Amino acid sequence: SQQGEEDPQALSIQEGENATMNCSYKTSINNLQWYRQNSGRGLVHLILIRSNEREKHSGRLRVTLDTSKKSSSLLITASRAADTASYFCATVDFDGQNFVFGPGTRLSVLP
Amino acid sequence: DAGITQSPRHKVTETGTPVTLRCHQTENHRYMYWYRQDPGHGLRLIHYSYGVKDTDKGEVSDGYSVSRSKTEDFLLTLESATSSQTSVYFCAISEVKRETQYFGPGTRLLVL
């Protein structure tokens, strides 16, 4: 069964605006990771947040984790056309046996 | 994609034929993974390896087998390809279990 579910499935914004994507999951996790995939390419790791962390930043990226609600959000500030891509969350359980990706959010940043 | 290559990058084959995809890494990472990516499903884990000759099944392992005889190579074999195995296949590596994965460029497979 799918662990992570991103929301929305697709998002279209203007350059300079902020983009927020959400990820919900069902069971306890060791960590949650966000990845980006440009069209026709492999996934690129963006950020990892552990179950005992609530917020992490990396450049224009801000990730939050709410384990009580089993949800995470990825905020991209001051978006650029180059941010156009699909974004995936992946949840990892404590055994590390299950590394489960959601179906992704397709972000389009219009110039 | 640095440090991970996949071959072939594109393949067209016929139903019933065996197919082998290769993943090669130069990072000396212990863990290697094979995923398939289909529209609406995200990535689904097929098999993974936690060392030479040590492999285990993932979520969608039926119809696939793997082998890892060297740290740097992880092979995925479709024993008898079916049209449902038409997909994009990604290899990934990680140094530490449960941590960041690094992905290869993918192999597009079409089974006719």
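Read on for an overview of the structure. Residue indices begin from 1 for each chain and proceed along its sequence in written order. Going through the entries in the order they are written, you letter the chains from A and number the ligands from 1. With the structure being a predicted model, the display of local features is reserved for residues of pLDDT at least 70 and the display and counting of side-chain atom pairs for 80 or more, all residues being used for whole-chain, interface and lining totals. Only heavy atoms go into the side-chain values, all of them from the structure, while hydrogens and water stay out.

## Thoughts on the pattern of salt bridges
Any two side chains of opposite charge can pair if their charged atoms end up close together. Put simply, the rule is: Put simply, a salt bridge is a Lys or Arg side-chain nitrogen that is within 4 Å of an Asp or Glu carboxyl oxygen. Each residue is placed in one exposure class: buried if its accessible area under a 1.4 Å probe, protein chains only, is under 20% of its type's maximum, exposed if it is over 50%, and partly exposed if it falls in between. Helix and strand definitions follow DSSP, with helices as H or I runs of at least four residues and strands as E runs of at least two, each counted in order from the N terminus.
Here the structure, examined in full by the defined rule, presents seven salt bridges over all chains. Between A:Arg62 and A:Glu55 there is a salt bridge whose closest N-O contact spans 3.2 Å. In this structure A:Arg62 comes out as partly exposed when scored by relative accessible area, which is 31%. A salt bridge links B:Arg22 to B:Asp73, with the shortest nitrogen-to-oxygen separation between them at 3.1 Å. Pair noted here: B:Arg22 is in strand β3 (residues 19-25) and B:Asp73 is in strand β8 (residues 73-78), with a separation of 51 residues, a long-range link. Taken together, the shared-partner salt bridges in this structure form one network comprising B:Arg22, B:Lys70 and B:Asp73.

## Here we look at the sheet that holds β3(B)
Adjacent strands of a sheet pair through backbone hydrogen bonds, lying either parallel or antiparallel. Residues and elements named next belong to chain B. Counted only if it meets this: Two strands are said to pair when DSSP picks up at least two bridges between them. Axes here mean lines fitted to C-alpha atoms, for a helix over just the part in contact, with angles spanning 0 to 180 degrees between N-to-C directions.
The four strands lie next to each other as β1-β3-β8-β7, forming an open sheet whose pairing is antiparallel. Unpaired on one side and paired on the other, β1 (4-7) and β7 (64-70) mark the two borders of the sheet. Taking each pair of neighbouring strands and ignoring which way they run, the sheet shows an average axis angle of 20 degrees. Direction of pairing for β7 relative to β8: antiparallel, over a ladder of five bridges. Across the sheet, tyrosine 64 pairs through a bridge with leucine 78, a residue of β8.

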